[in-house]
Amino acid sequence: MKDFNYYAPTQVVFGADAEEQIPQLIKSFGGTKVLIHYGGKSAERSGLLQEIEQRLKDAAIPYVKLGGVVPNPRLSKAQEGIDLCRKEGVDFILAVGGGSVIDSSKCMALGVPYSGDVWDFYAGKAQASACLPLAAVLTIPAAGSEMSGGSVITKDEGELKWSYDDNLCRCKFAIMNPKRTYTLPAYQTACGVTDIMMHTMERYFSHEEMGVTDALAIALLKAVRQYGPMVLDNPEDYYLRSQIMWAGSLAHNDLTGCGTIGDWATHNMEHELSALYGVAHGAGLASLWCHWANYVMDAKVARFARFAREVMDVDAIDDEVAAREGVNRMRAFYHSIGMPASIPALIGRKATEEELLLMAEKCSRGKTITNGNFKQLAYEDVLSIYRAANE
Ligand code: NZQ
Ligand code: ZN
């Protein structure tokens, strides 16, 4: 068990009437002029956006709006938002949407008080010293950005999808109303289920044994494995939607990372897929995970065997047999929820060799870094996993 410093300051307001508290919470965190940031049309179609606007009007809180955030959000949109915030004197950002909108909001919140280019943070050239307060009205449980300190942004030139982690940009509060997720298409729901499980798995696949943390991780994984397929069959079931929504936050608020350093190779490799092909992050993860698992398993077979037995209900006695069967069952799980378990299944064709080389090159930052901790993956390893996933 490694030493850790646990910090999860986001106030969570969870429930069917959670939105009622938005104006009072904004005021309590010092907001006097708000930017409402949102994505495509989903929040407009559902009436959520109009409802929030009405609540702010009723509370006499001035606001401006900026929509158009695309999945795998772009630096150019955040830069547009930074300019708008400065021009309008915005002092609070309200993200209405999922990980993409929240991450774009974090980028803006970091950029407004910074005199340089906000990309400096993502490029590892600078550390933020200030951030506008922000909050999220979550409409899709998946990325966990509502409680995480991370944001992932794609720079338009070069399709560089890089992340920046900082406690400064954690949401002040998160409004979570499971009813707002009823309108999610099945594919997005399944992407969310995949990402939620993966956030726990990235932390679980470690060489540390962590009694309490492991128990929490396994409970979360089992619950999402159980409720995920059920929610796809019952998209308007409040109880099921609420289980997935809460799991999404718990999976990425670092709770299951206490005592370990986590792996994150699958995430890093996926970010290259979503940067290059514009695919949904959760689907990209599903296309890679089994191939990553088979490649790294020998670093500690017993950990995969435990995962297989405790999460995937495998009863084989031999560790190696159990570990392999656990991965097979995960692949079957992805198929059962409509997720692709290979690159061709993800993008509808095989990736070209040039594309694989480019992604491996970008993922290992020009062969200068390794990825992952369960097994450290050099450029050649990353390329091997992409190739295996491309069969
Ligand atoms: O744009 P709209 O019209 O709102 O549609 C969205 C979008 O097309 C739609 N949607 C959202 N809520 C809906 C809805 N459709 C119907 N009803 C609703 N209630 O869903 C689509 C996907 O939304 P997006 O925000 O892109 O999904 P997600 O939450 O999965 O976020 C993905 C992004 O988060 C990053 C990913 O890399 C990706 O860029 N991540 C961020 C992390 C973090 N900040 O901590 C960690 C994650 O590992 C991840 O990397
Ligand atoms: Zn993720």
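So, how was this worked out
Residues numbered from 1 in each chain as written. Chains lettered and ligands numbered in written order. Predicted model: local features only at pLDDT ≥ 70, side-chain atom pairs only at ≥ 80, totals over all residues. Heavy atoms only, no water. Donors = N, O, S within 2.8 Å, 3.2 Å for Na, K, Ca; no water. Helix = DSSP H or I, 4+ residues; strand = E, 2+ residues; numbered from the N terminus. Buried < 20%, exposed > 50% of the residue type's maximum accessible area, 1.4 Å probe, protein only. Contact = heavy atoms within 4.5 Å. Near = heavy atom within 4 Å. Nonpolar A, V, L, I, M, F, W, Y, C, P; charged D, E, K, R; others polar. Domains from an automatic or database assignment. Core = buried A, V, L, I, M, F, W, Y, C linked by side-chain atoms within 4.5 Å. Pairing = 2+ DSSP bridges. Axes fitted to C-alpha atoms, helices over the stretch in contact; angles between N-to-C directions. Buried area = accessible area lost by both parts, 1.4 Å probe. Salt bridge = Lys/Arg side-chain N within 4 Å of Asp/Glu carboxyl O. Polar contact = N/O pair within 3.5 Å; in protein donor to acceptor, adjacent residues only side chain to side chain.

**Here we look at the coordination of the zinc ion (ligand 2)**
Thought 1: At 2.0 to 2.2 Å from the zinc ion (ligand 2) lie its protein donor atoms, namely Asp195 (OD), His199 (NE2), His267 (NE2) and His281 (NE2).
Thought 2: In terms of primary sequence, the donors binding the zinc ion (ligand 2) are separated according to D-x3-H-x67-H-x13-H. Taken together, the residues Asp195 in helix H7 (residues 186-204) and His267 in helix H10 (residues 265-277) connect sequence positions 72 residues apart. For the pair shown, Asp195 and His267 are each scored as buried.

**Quick word on helix H12 (residues 301-310)**
Thought 1: Of all the positions in H12, only Arg303, Phe304, Ala305, Phe307 and Ala308 are classed as buried.
Thought 2: The secondary structure elements touched by the buried residues of H12 are H7, helix H8 (211-233), helix H11 (281-296) and helix H13 (319-336).

**Points about the site of ligand 1**
Thought 1: Neighbouring ligand 1 are 32 residues; Gly40, Ser42, Gly99, Ser100 and His199 lie closest to it.
Thought 2: Secondary structure elements with two or more residues in the shell around ligand 1: helix H5 (99-111), strand S6 (150-155), H7 and H10.
Thought 3: When grouped by side-chain class, the residues that make up the shell around ligand 1 number eight nonpolar, 19 polar and five charged.
Thought 4: The residue makeup of the shell around ligand 1 includes at least three contributed by each of domain 1 (11-180) and domain 2 (186-389).

**A few points about the nonpolar core**
Thought 1: Grouped together as the largest cluster of nonpolar side chains are 68 residues, with contacts concentrated most on Met201, Trp289, Trp292, Phe304, Phe307, Tyr334 and Tyr386.
Thought 2: With nine residues, H11 is the largest single contributor of residues to this core.

**A few points about the pairing of strand S8 (residues 173-176)**
Thought 1: The side-chain alternation of S8 yields two buried faces, one formed by Phe173 and Ile175 and the other by Ala174 and Met176.
Thought 2: Alignment of strand S1 (residues 11-14) against S8, held across four bridges, turns out to be parallel. Bridged to Val13 within S8 is Ile175.
Thought 3: Across three bridges, strand S5 (residues 134-138) lies against S8 in parallel orientation. Bridge pairing links Val137 to Ile175 in S8.

**Some remarks on unusual backbone geometry**
Thought 1: Here Asn72, not a glycine, exhibits a phi torsion of approximately 60°, which is positive.
Thought 2: Backbone geometry at Glu159 places phi at a positive 50°, although glycine is not the residue there.
Thought 3: The topology assignment puts Glu159 in the loop between S6 and strand S7 (160-165).
Thought 4: By relative accessible area, which is 27% here, Glu159 ends up partly exposed.

**Brief notes about the sheet that holds S8**
Thought 1: The six strands are arranged S1-S8-S5-S4-S2-S3 in an open sheet whose pairing can be described as parallel. Taken across any chain shown, the strands that pair with only one partner, and hence form the sheet edges, are S1 and strand S3 (63-66). Within this sheet the neighbouring strands show an average axis-to-axis angle of 15°, counted without direction.
Thought 2: Pairing between strand S2 (residues 34-38) and strand S4 (residues 92-97): five bridges, direction parallel. When the sheet's bridge partners are listed, Val34 is paired in S4 with Phe92.
Thought 3: Along the sheet, helix H3 (residues 48-58) makes contact with S2, S3, S4 and S5, crossing S2 at roughly 175°.

**Focus: the domain arrangement of the protein chain**
Accessible area lost upon the coming together of the parts serves often as the stated size of an interface.
Thought 1: Taken domain by domain, the protein chain holds domain 1 (11-180) and domain 2 (186-389).
Thought 2: On a C-alpha basis, the centres of domain 1 and domain 2 stand 27 Å from each other.
Thought 3: Contact between domain 1 and domain 2 buries roughly 2000 Å² in total, counting both sides, with carbon and sulfur atoms accounting for 62%.
Thought 4: The largest per-residue losses of area from domain 1 upon contact with domain 2 belong to Pro141, Lys161 and Pro178, which jointly make up 26% of the total buried on that side.
Thought 5: Inspection of the region where domain 1 meets domain 2 yields one salt bridge.
Thought 6: Across the pair Arg170 and Asp254 runs a salt bridge, and its minimum N-O distance is 3.3 Å.
Thought 7: Inspection of the region where domain 1 meets domain 2 yields seven residue pairs in polar contact (both at pLDDT 80 or more).
Thought 8: For the side of domain 1 that touches domain 2, the secondary-structure elements that each account for two or more residues are S1 and S7.
Thought 9: Of all the elements, S7 adds the most residues to the side of domain 1 that touches domain 2, at three residues.
Thought 10: Its residues assigned to classes, the side of domain 1 that touches domain 2 shows 14 nonpolar, six polar and five charged.

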